[in-house]
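Here's the letter readout for the chains.
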Amino acid sequence: MSRLLNRDNVLRLGVLSWLTAVWIALWGDLSPANALAGVVVALIVLFALPLPLVPVGGRFHPLSFLELIAASTYYTLESSLQVAWFAIRPSGPPVSGVLRVSLGIQSDLVLVICIDLLNLIPGTLVLEVDRQRCVVYVHVLDVGSDEAVAKFYRTTRRLEHLLINAFERPAERRRIAPPPEVQP
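Keep in mind the model is a prediction, meaning the values are calculated, not measured. Residue positions are given per chain, counted from 1 along the sequence in the order it is written. Note on the predicted model: pLDDT of at least 70 is required for a residue's local features to be given, and 80 or more for side-chain atom pairs to be given and counted; whole-chain, interface and lining totals, by contrast, use all residues. With hydrogens and water stripped out, all remaining heavy atoms of the structure feed into the side-chain values.

A. Summary view of the packing of aromatic side chains. Only rings of Phe, Tyr and Trp enter the pairing, Trp through its six-membered ring, and a pair is recorded when the two centres are within 6.5 Å. The plane angle decides the type: under 30 degrees is stacked, over 60 is edge-to-face, the rest tilted. Across all of its chains, the model carries 4 aromatic pairs by this definition. With 6.0 Å between their ring centres and 70° between their planes, Phe 65 and Phe 167 make a pair best called edge-to-face. Highlighted residues: Phe 65 in helix H3 (residues 62-88) and Phe 167 in helix H5 (residues 146-167), separated in sequence by 102 residues. Here the term buried applies to any residue with accessible area under 20% of the maximum for its type, exposed to any over 50%, and partly exposed to those in between, with areas from a 1.4 Å probe on protein chains only. On the basis of relative accessibility, which here comes to 27%, the residue Phe 65 falls in the partly exposed class. Runs of H or I in DSSP of at least four residues are treated as helices and runs of E of at least two as strands, each being numbered from the N terminus.

Below you can see the structure in the form of structure tokens.
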């Protein structure tokens, strides 16, 4: 029984359930035939188009995750209001620019979640990711003042801190060897 309930099978079952739910939601009809069709399509997707395994390190911490959800929701709402104000204010468009952010995240999966959160905040868009140095380049709608730039960095640092606490507790983190130097 424990062999059937290992982590990989539980994840597959979760993905199967999620894909089935998406199928039913797209069709907008909860019927036995539609649910069965969703399961069949989900099985085809799972076995015909398998995703590569993503190494997952650390543990999930629910309280930190709830704090992350609350903070990211707040930042999204705050930024949405700011973008709306930029659209209707009588002056010209804000000064935008690209800012570089060095992150202390070690897991590829957590880095992807961080990038997704940054992209969900209106007025920001991740343009490039340097995984070797863990640096992201983000287009920011408002960099017209030092305070606006500092606010962006505070928001990014807060999200990074919450992600590390939710998924990578510092005591559980592994050391990553620095990338090898490239000879010209």
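B. Spatial organisation of unusual backbone geometry. Phi angles above zero are rare outside glycine, and Cys 134 is one such case at about 55°. On the secondary structure map, Cys 134 appears in the loop between strand S2 (124-130) and strand S3 (135-140).

C. Examining helix H4 (residues 108-120) more closely. Given the number of residues in a helix, its expected span is that number minus one, multiplied by 1.5 Å. For H4, built from 13 residues, the straight-helix expectation of 18 Å at 1.5 Å per residue is met to within 8% by its first-to-last C-alpha distance of 18 Å. Looking at H4, one finds that the buried residues are Val 110, Leu 111, Cys 114, Ile 115, Leu 117 and Leu 118. For H4, the angular spread of buried residues about the axis comes to 160°, placing them on one side. Where H4 starts, the residue carrying a side-chain oxygen 3.2 Å from the main-chain nitrogen of Leu 109 turns out to be Ser 107. Directions drawn from the helix axis to the C-beta atoms are what define this arc. Think of a polar contact as two N or O atoms within 3.5 Å of one another; within protein, one of them needs to be a possible hydrogen donor and the other a possible acceptor, and neighboring residues in sequence only count if both atoms come from side chains.

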